[in-house]
Amino acid sequence: MLFAVSAMAQQRTITGTVTGKEDGLPLPGVSVKVKGTKTGTMTGSDGKFSISVSESGAVIEFSSIGYLSHSRTVAAGNVINVSLESDAKSLGEVIVTANAIKREKRTLGYSAPTIKNEELVQGGSPSVISSLAGKVAGINVTSSSSTPGSSSRVVLRGGSSISGSNQALIVVDGVPIDNSSVIGGASVLSSVDFGNRGNDLAPDDIASVTVLKGPAAAALYGSRASNGALVITTKTGSKSDKMSITFTTSNTFSNVLKLPDYQNEYGQGYYDKKPANGKPETYTIDYRENGSWGAPFTGEILPWGQMIDGVRQTKPYSAVKNNVKDFFTTGFASDNNLSFSGGGDKTTYFLGLNSLNSNGVFPGNYDQFNKYGVRFNGTTEFSNKFTAGVSFNYTRIDANEVGGGQGAASVYNNVLQTPRDIDLPSLSDLNNKYNGYGFTDAKGIKHPNLYGYYGTYTQNPYWILQNYKNLNDVSRVTGNFNIGYNPYSWLNVKERIGIDTYSDRRRTLAPKFSFIDGDESKDQYPGNNARTNAGGYQIDQFNVTELVHDLMISATHKFNDDFEGSLMIGNNIRQRQTNSLSTATNSSGGLVVPGWYNLNNSNGPINIITDQITKRRLIGLYADLNLSYKNFLFLEATARNDWSSTLPINNNSFFYPSVSGSFVFTELLKNSSINNILSYGKLRSSWAQVGNDTDPYQLLTTFSKATVNGSFGSTVFPFGNVAALTAGTTLGNINLKPEKTAAFEIGTELGFLDNRISVDFSYYKSNSKDQILSIPIPNSTGYGFSVVNAGEVQNKGVELSLRGTIIKSSDITWEMFGSYTKNNNKVLSLMPGVNQISIGGFSGMTAVAAVGRPYGEFYAVTNMTDNQGRVIVDNETGMPIPTTTAQYVGNYNPKYQASLGTNFRYKHVSLNVLFDTKQGGMFFSRTKDITAFAGVSAETGGNRFGAIYPNSVIQDAGGNYIPNTTVGFIKQDYYTGSRPAGTNIVDGSFVKLRSASLSYTFTKEQLKRTPFGSFAVGVYGNNLFIWTPKSNQWADPEINSAGAGNLQGFDFTAQPSVRNYGINLKVSF
Amino acid sequence: MTGCKKFLDINQNPNNPDSADPSLLLPTVQASAGQIVGNAFQVYGNMWAQYWTQSPSSSQYKTIDQYNLTNTSFDRPWLTLYRNGLINADLIIKNPGSGLEFTKGIAYIMKAYTYQLTTDAFGDVPLSQALQGNGFGSPKYDKQELVYDSIFNYIDRGKVLLAINSVDPGAQDLVFGGRKTDPAVSTPTNIIFYWTEFANTLKLRAYLRLAGVNPAKAEAGVKALYASGAKFLTIDAAIKYSTVGGNQNPMYNEMVALGVQNVVASSTAFNAFKNNNDPRLGKFYEMLPNQSALNSIKQGSYASESSTIVSYPSGLVGANWTNASSATAPVKLISAAESYFLQAEAVARGWASGDFIALAKSGVTASFVATGLSAGDATTYFTNAQDGQVAFDAASTVELKVKAIITQKYYAMCGFQGFESWNEYRRTGYPNFLIRSVASTIGAGRLPLRMLYPNSEATSNLNFPGNVPIYTPVWWGKTTITPAP
């Protein structure tokens, strides 16, 4: 019958694809009409259409909101491809939302800013996540050391989960990818930053990143997107386009951004008698010391270090001001990308190849990070209304990370403790008998068991770099396959299978050695200053495989000229499997043969640290209804039900809805004079609820292999041949129910003066409750933790983005933009009777979730203060008195964040600068602690005997606190003693020049006689400068020893961050 | 939908079993006691009983000599006691399996032993509501007197179970190797297990602990024990360690991990050994390679002795990280010597019949033999030492007899049973030559008489009774102890 009709009318079918002119991406929902007839259709989600025309010469009209209309006359061919130019006036930006669905921005009831590739790569950072810093409101990016491969954390609208992840979900081309952050080393105390997996993406492969901030935006991803999502779209080719070959190269230099402030008055040693009865203090010069508590500098030539071959070296007794700064070298990284893209009539392809090779700021070739990637994205159309696409990405990382913290492998910890008069860079030659471990004396006799290095409490950091390794080997495949079917113009069926699978293999090498000091004089080195280590070798193998299936059926219908709607229903199935195996040589025995790093070389039974597999599955059904009225009133409702394997089987189903609306009120003012000023105005609002499941295996209490731990050692089973088990740590809970987050958002988007000025503002509030927590219970119950549903965390905040074009002419454009974000976070409740839960912590400092306070509050013993905040000091010693109990001493979350940037273009030169700031957060600095302990930091300088503790009070006879003007303290006694952890909390506020770039693009005219289609060259930088309050004399507040996890603001002698700057070049053929 | 259900039914933990055979939990219970007696409480006990003091060239245990401890110091031992020791003992007892009587008997006795460690250290502790998981999420603290009643009860139940013919745990029992009988006292009709002797000796120890605070109860208990024909330990009830990494003496293992020697000889015990011409001095302490003679420093004098090279405890007792033989030092839960001294005290108090001097001498001999000396050496020593035969002969009152016994017991426990020695000092005030650590920061006249409740309980248990100062005696503790000047 259909055939008959069609045959009788003698019609032709015209097909084609509509794309956006700016990005070449397919445009869905474009109205396609035959002029003067009632025949019409719409493009599908892939931008394709198919329409019948009765004769040649018919005119087809293409129109879409936000784009300038376009007409084409049907000629001989049956294919018409159109690219539409966007209509700047209507702000009709199309963005990619949940499940890779393209939506017009004006229809959205929630804030969803998008960052395009050009903006993303401006600062030249190899991390996609770090590149987002300061670019949109409501996003909190913490970049740690800013070196290639280092961790960066992204949290949208504050943390809401007490013990789960608070990071945004990362979705690439519709498929969520893993963003694990497993910090290396035994703990934060000896941390090794192996980065987080979200940074495996190559920024150059990315077309755009859309930030879906609230649960409403992410409702369709369900549980995992309750913290929002970064929806990343990778580059594709364009149809019927010649192959374009693009090569970009960025060559980056880096150096250390911020080091502690030092004192330059006192050298190695310590005082042994304080000044008394008019006599000055006396000092001991101790050649072994790591402390700079010695006598004031005199400049005279004095001996130092060990006596070897009858000779002790000499040097001037004066400060080597840059001895730490000069230890670090200039790092270099080369990031190269080559891509091929294009398409035929029915196909598109994109092939990207990239490599990143970096040698960081530590001396020598030890801190290496190498990453290689290949991406292929392709699409094809079949004649039978089917389409198919494939996206494939392979990434490989090969790196050696330098250890932080205070472990034996920590380089920075040893660097920081160098006395102010010792020229650290001069100790780099390990073959020099005074610098190394094991040496040959003047008579040619080898002393493999003696060391000549001056320090007996610290190791030569050059030697640590040479001998300790933290090797990393990552191999990862991500991608998806999809098939689309377009049986009717109003109906689209899409099936997508995504995969993310990787192997992350880490090997930790610790040398076996036993040295004693080789000093011949024995006056300062009594011969028992042993440096020994049993050595060790550990392999951590993580395998994660995630499979995602989505089937989406969408239908669109135009009820009349004013009223349109679409409905999508979908099914999502996902499975995540993890496999962790950590094995090491015997924890006490170490290695048998030095230098042989293999488990076969274990001195004693192999230590199986972790052997764990987990598997979880989730089935979801969802629906998404969109209605629009007259192009100014939009309503969206979503609903989803999930069934999770990790919840009790009879309680594993949870439903969550969302509703959002948008009202473009300027449409009603179109002909009024207000429109001349207010060219665009939209109000939006949304409400959503998101459910969440939990980790696998939380329901039952289990047993584990027995280990009975002491404070440092442990009794490990098997004991001889005797095996043993022990009751598990955590009480399972068979009655768990899903977590719930409810969020409300209201906002507006305004454009003034022909959209020269635009404003985007949001207010939001979200409450997460029934959180699944593993709460600490008294050990006297026989268990340590109990899994419960409890707790409520609230986030409230505002986000403001402003953008203004100051000058817009053909030669010059000058644009300024800025953002402001304020999030108030509060823990509303935990369990009945539980007021506080520890998130983590070390060295007497804990970060907690405490009722009535923001998440992530620092909790520790600190200096006692009077009611005016002045430090109470002891009447005799002048030293601060510690509080008797732990106090809340600040929070790592900033009080507000802001950014300010500018884009300036003059002809072919463009300049982009971005500043950002976080104000009001605090961080814990062990860098402060250790540099004070060693007497090297600025605060330990000045008058060391009798200086008055700043802003201190003493108690008078009447019990009142009076300003202390008389009782001084002895700095060495104070700083080498035990100071409470709270005194190492430092103001984490900063302003950074986040990125800057200057580029020149050659014109087509200039390139006429070259093979290049385009050619641009530029200089760029990121993390360029930092301004911190005077009170922060120690470190960049962004560094963090715990990587991208919930424990933030912990500088546990974390690696210093670096500034990066370089030259890039982009050519295409 | 059934397909869906099956698809999602994958939440069975493949990494950890959800049940455990009691014979696999038993070693954990015993190894926990080994960690406590042989490491955590070993350090406190040996320092507070003044066998050892903080080395002047390291700093780990300064706060112990200062009596200046924080609640967090006790988080780890409390965890070990409840979550490695007591809970697993309780899970063995509650196991529904049959034929497990002997294993359950040991579990009851180990539970009694571990609760005694816990209450002796901390005083009132959770017992009646403890170990019940979410059933009692905040277990209340029971009076020490009630804890002791439960200890007696557990011992009795354990003894009953031991007598039932059942599966032999064998090597899973790290202390005696299962159903081993004492050949010295067993007869074909009356088989005596070492575990039964352990139970009796433990009960004797527990009743004598109450001799000061509740003499009537102690007397009745001891008399009833003897009336039942109880036999006591004649060998050490000990866990033997090896040189294998993770299977070493727990204190040695800890010291190797720290990579430094923190404890050295204290003059308190050192001089007492010397004054008695005790050949065990050279067994309990060891010279450094660059030392020509053993020496010691005053308890807590690390600050003023910074340049002194001080002798280390010997490898024999597991507290010398430079001596690999420390790895194999046994941890004695109850020693043979202790058994004899307990019996001597029961006799001295008139609650049992026998010769208290002979029993004490057996204790001395057992101690000598355990350190590698001979019975003859013991006799020579006992005859000549001022705290030997002379003191015993001169002991005209019960108090003086107890003093003589506890003083000898003090010598025997050096390095091996520091915690129990400190317990007996807190109970009796003997030996009377212990001083106040010169590093003390808790005020004149005060001594450490208990351990502090752990911080973990203070922050998580709604029924936490509040901190008790370190110088407050526990319920059974002697209220007036005067340290030597």
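Note that this is a predicted model, so its numbers are computed, not measured. (Residues numbered from 1 in each chain as written. Chains lettered and ligands numbered in written order. Predicted model: local features only at pLDDT ≥ 70, side-chain atom pairs only at ≥ 80, totals over all residues. Heavy atoms only, no water.)

### So, the overall build of chain B
Phase 1 of the analysis: Of the regular secondary structure elements, chain B holds 18 helices and eight strands.
Phase 2 of the analysis: For 485 residues, the compact-globule estimate of 2.2 N^0.38 gives 23 Å, and the C-alpha radius of gyration of chain B, at 23 Å, lies within 12% of that figure.
Phase 3 of the analysis: Along the first, second and third principal axes, the C-alpha set of chain B runs to 85 × 55 × 40 Å.
Phase 4 of the analysis: Within the span of chain B, comprising 485 residues, buried residues form 61% of the whole.
Phase 5 of the analysis: In chain B, the share of contacts with a sequence separation of at least 24, taken over all contacts with a separation of at least 6, comes to 73%.
Phase 6 of the analysis: Separation of charge centres in chain B, based on 37 positive and 33 negative side chains, amounts to 3 Å. (Helix = DSSP H or I, 4+ residues; strand = E, 2+ residues; numbered from the N terminus. Rg over C-alpha atoms; globule rule 2.2 N^0.38 Å. Buried < 20%, exposed > 50% of the residue type's maximum accessible area, 1.4 Å probe, protein only. Contact = heavy atoms within 4.5 Å. Lys, Arg positive; Asp, Glu negative; His and termini not counted. Charge placed at Lys NZ, Arg CZ, Asp CG, Glu CD.)

### Topic: the interface of chain A and chain B
Phase 1 of the analysis: The interface of chain A with chain B comprises 62 residues on the first partner and 68 residues on the second.
Phase 2 of the analysis: When chain A packs against chain B, close to 5,200 Å² is buried across both sides, 59% of that on carbon and sulfur atoms.
Phase 3 of the analysis: For the chain A face of the interface with chain B, the top three residues by lost area are A:F703, A:N779 and A:S780, together amounting to 13%.
Phase 4 of the analysis: Across the contact surface, chain A and chain B share zero salt bridges.
Phase 5 of the analysis: Connecting chain A to chain B are 32 residue pairs in polar contact (both at pLDDT 80 or more).
Phase 6 of the analysis: For the side of chain A that touches chain B, the elements supplying multiple residues, two or more each, are strand 34 (607–629), strand 35 (633–644), strand 38 (703–705), strand 39 (707–709), strand 40 (714–716) and strand 41 (725–727) of chain A.
Phase 7 of the analysis: The dominant element in the side of chain A that touches chain B, judged by the number of residues it contributes, is strand 34 of chain A, at eight residues. (Buried area = accessible area lost by both parts, 1.4 Å probe. Salt bridge = Lys/Arg side-chain N within 4 Å of Asp/Glu carboxyl O. Polar contact = N/O pair within 3.5 Å; in protein donor to acceptor, adjacent residues only side chain to side chain.)

### Section: the environment of A:G878
Residue and element names in this part refer to chain A.
Phase 1 of the analysis: Of note, G878 is situated in the loop between strand 52 (871–872) and strand 53 (887–891).
Phase 2 of the analysis: Note: C-alpha distance between G878 and R944 (66 residues apart in sequence) is 12 Å.
Phase 3 of the analysis: Beyond its immediate sequence surroundings of up to four residues, G878 is in contact with V873, Y949, V967, G968 and F969.

### Considering a nonpolar patch on the surface
Phase 1 of the analysis: Taken together, the side chains of A:V909, A:L911, A:L998, A:V1017, A:V1019 and A:I1063 present a nonpolar region at the surface, about 420 Å² in accessible area.
Phase 2 of the analysis: Checked against the element boundaries, A:V1019 lands in strand 63 (residues 1014–1027). (Patch = residues over 30% accessible without salt bridge, like charges linked within 9 Å, V, L, I, M, F, W, Y side chains within 5 Å. Areas by Shrake-Rupley, 256 points an atom, 1.4 Å probe, with all protein chains shown as cover.)

### A look at the sheet that holds strand 1 (residues 12–20) of chain A
Residues and elements named next belong to chain A.
Phase 1 of the analysis: Across the sheet, which stays open at both edges, the three strands sit in the order 4-1-7 with mixed pairing between neighbours. In the strand order of this sheet, the two ends are held by strand 4 (48–53) and strand 7 (82–84), each with one partner. In this sheet, adjacent strand axes meet at a mean angle of 35° when their direction is disregarded.
Phase 2 of the analysis: Relative to strand 4, strand 1 runs antiparallel, the two sharing six bridges. (Pairing = 2+ DSSP bridges. Axes fitted to C-alpha atoms, helices over the stretch in contact; angles between N-to-C directions.)

### Description of the packing of aromatic side chains
All names here are of chain A.
Phase 1 of the analysis: One pass over the full model with this rule turns up 87 aromatic pairs over all chains.
Phase 2 of the analysis: A ring pair is formed by F969 and Y974, whose centres lie 5.5 Å apart and whose planes are at 85°; its orientation type is edge-to-face.
Phase 3 of the analysis: On the accessibility criterion, F969 (2% relative accessible area) is buried.
Phase 4 of the analysis: Its relative accessible area of 6% is what places Y974 among the buried residues. (Phe/Tyr/Trp six-rings, centres within 6.5 Å; stacked < 30°, edge-to-face > 60°.)

### Section: the packing of helix 5 (residues 101–122) of chain B against helix 6 (residues 144–162) of chain B
Residue and element names in this part refer to chain B.
Phase 1 of the analysis: Taken N-terminus to C-terminus, the directions of helix 5 and helix 6 make an angle of 160°; their axes are 8 Å apart at the nearest point. As judged from the angle between their axes, helix 5 and helix 6 are roughly antiparallel. The chirality of how helix 5 crosses helix 6 is left-handed.
Phase 2 of the analysis: When grouped by side-chain class, the residues that make up the contact of helix 5 with helix 6 number 13 nonpolar, five polar and five charged. (Parallel < 35°, antiparallel > 145°, perpendicular 65-115°, else oblique. Left-handed = near helix turned anticlockwise from the far one by under 90°. Nonpolar A, V, L, I, M, F, W, Y, C, P; charged D, E, K, R; others polar.)

### Regarding the side chain of A:N470
Residue and element names in this part refer to chain A.
Phase 1 of the analysis: Residue position: N470 is located in strand 28 (residues 469–488).
Phase 2 of the analysis: Take N470: its relative accessible area is 5%, and that puts it in the buried class.
Phase 3 of the analysis: Sequence-distant contacts of N470, that is, excluding residues within four places in its chain, are made with V192, F194, A399, N400, E401, V402, G403, R507 and T508.

### Some remarks on empty space enclosed by the protein
Residues and elements named next belong to chain A.
Phase 1 of the analysis: Put simply, the largest cavity is a space of about 510 Å³.
Phase 2 of the analysis: As for the largest cavity, its lining consists of 45 residues, of which S145, T147, P148, S150 and E401 are closest to the centre.
Phase 3 of the analysis: Residue contributions to the lining of the largest cavity peak at four residues, all from strand 22 (residues 331–343).
Phase 4 of the analysis: Classifying every residue of the lining of the largest cavity gives 17 nonpolar, 24 polar and four charged. (1 Å grid on protein atoms, 1.4 Å probe; cavity = no way out; pocket = protein on both sides within 12 Å on 5 of 7 lines; lining within 4 Å. Points joined across faces, edges and corners; volume = space filled by probe spheres on them.)

### Quick word on the sheet that holds strand 46 (residues 785–789) of chain A
Residues and elements named next belong to chain A.
Phase 1 of the analysis: Strand order in the open sheet formed by three strands is 42-46-45, with mixed pairing between adjacent strands. Of all strands in the sheet, those bounded by a partner on one side alone are strand 42 (730–731) and strand 45 (772–776).
Phase 2 of the analysis: Pairing of strand 42 with strand 46 involves two bridges; the strand directions are parallel. Across the sheet, the residue bridging to L731 is S786, located in strand 46.

### So, the pattern of salt bridges
Phase 1 of the analysis: This model, assessed by the stated rule, comprises 58 salt bridges over all chains.
Phase 2 of the analysis: For A:K433, the salt bridge goes to A:D309, with nearest N and O atoms at 2.6 Å. One end of the pair, A:K433, is in the loop between helix 5 (411–416) and strand 26 (437–440); the other, A:D309, is in the loop between strand 20 (301–308) and strand 21 (311–316), with 124 residues separating them in the sequence.
Phase 3 of the analysis: In this structure, B:R205 and B:E338 form a salt bridge, with 2.8 Å as the shortest nitrogen-oxygen distance. Here the residue B:R205 occupies a position in helix 7 (residues 194–209), and B:E338 occupies one in helix 12 (residues 336–348), the gap between them amounting to 133 residues. Side by side, B:R205 and B:E338 carry an identical accessibility label, which is buried.

### Some words on the environment of A:D916
Residues and elements named next belong to chain A.
Phase 1 of the analysis: Tracing the sequence through the fold places D916 in strand 55 (residues 909–919).
Phase 2 of the analysis: Residue D916 is classed as buried on the basis of its relative accessible area, which comes to 6%.
Phase 3 of the analysis: Distance from D916 to S780, taken between C-alpha atoms, is 49 Å for residues 136 residues apart in sequence.
Phase 4 of the analysis: Every residue in contact with D916, bar those within four places of it in the chain, is listed here: A133, G134, A898, S899, F990, V991, K992 and R994.
Phase 5 of the analysis: Reaching out from D916, the side chain makes a polar contact with the side chain of R994 at a distance of 3.2 Å.

### Quick word on the side chain of A:E119
All names here are of chain A.
Phase 1 of the analysis: Mapped onto the fold, E119 is located in helix 2 (residues 117–120).
Phase 2 of the analysis: R803 provides the closest opposite charge to the buried, salt-bridge-free E119, at an N-O distance of 4.0 Å.
Phase 3 of the analysis: Here E119 is in contact with K135 and R803, once residues within four sequence places are set aside.

### Re the nonpolar core
Phase 1 of the analysis: Counting 180 residues, the largest nonpolar core has B:Y113, B:F122, B:W195, B:F198, B:Y285 and B:M451 as the members making the most contacts within it.
Phase 2 of the analysis: Beyond its immediate stretch of four places on either side in the chain, B:Y285 contacts B:Y51, B:W52, B:A265, B:A269, B:F270, B:F273, B:L294, B:Y312, B:P313, B:S314 and B:C414.
Phase 3 of the analysis: Grouped together as the second largest cluster of nonpolar side chains are 36 residues, A:L259, A:F362, A:V411 and A:L427 included. (Core = buried A, V, L, I, M, F, W, Y, C linked by side-chain atoms within 4.5 Å.)

### Here we look at the confidence of the model for chain A
Phase 1 of the analysis: For chain A, mean pLDDT is 88; residues scoring 70 or higher make up 95% of the total.
Phase 2 of the analysis: Confidence drops under a pLDDT of 50 for residues 1–9 of chain A, and excluding neighbours within four residues, the segment shows one contact in the predicted structure. (pLDDT = per-residue confidence, 0-100.)

### Regarding helix 2 (residues 22–48) of chain B
Residue and element names in this part refer to chain B.
Phase 1 of the analysis: Taking 1.5 Å per residue, 27 residues should reach 39 Å; helix 2 reaches 36 Å between its end C-alpha atoms and fits that length.
Phase 2 of the analysis: Within helix 2, the axis deviates most sharply at Q42, by approximately 60°.
Phase 3 of the analysis: Most of helix 2 sits inside the fold, with 24 of its 27 residues counted as buried.
Phase 4 of the analysis: Following helix 2 by one or two positions, Q50 adopts a phi angle in the positive range, close to 65°. (Expected span 1.5 Å × (residues − 1). Bend = angle between axes of the 7 residues up to and from the residue.)

### Examining the pairing of strand 65 (residues 1058–1068) of chain A
Residue and element names in this part refer to chain A.
Phase 1 of the analysis: For strand 17 (residues 241–256) and strand 65, the ladder comprises 11 bridges, and the chain directions are antiparallel. If you follow N255 over to strand 65, its bridge partner there is R1059.
Phase 2 of the analysis: Two strands pair when backbone bridges link them, and strand 63 and strand 65 are joined in this way by nine bridges, in the antiparallel orientation. In the sheet register, N1022 faces strand 65, and the bridge partner there is N1060.

### Describing unusual backbone geometry
Phase 1 of the analysis: In this model, A:F717 is joined to A:P718 through a cis peptide bond whose omega is 5°.
Phase 2 of the analysis: Among the structural elements, A:P718 can be located in the loop between strand 40 and strand 41.
Phase 3 of the analysis: With an omega dihedral of -5°, the bond running from B:Y430 to B:P431 counts as a cis peptide bond.
Phase 4 of the analysis: If you trace the backbone, B:P431 turns up in the loop between helix 17 (418–428) and helix 18 (455–460).
Phase 5 of the analysis: Although it is not a glycine, A:D173 adopts a positive phi angle of roughly 50°.
Phase 6 of the analysis: Within the secondary structure layout, A:D173 lies in the loop between strand 13 (169–172) and strand 14 (175–177).

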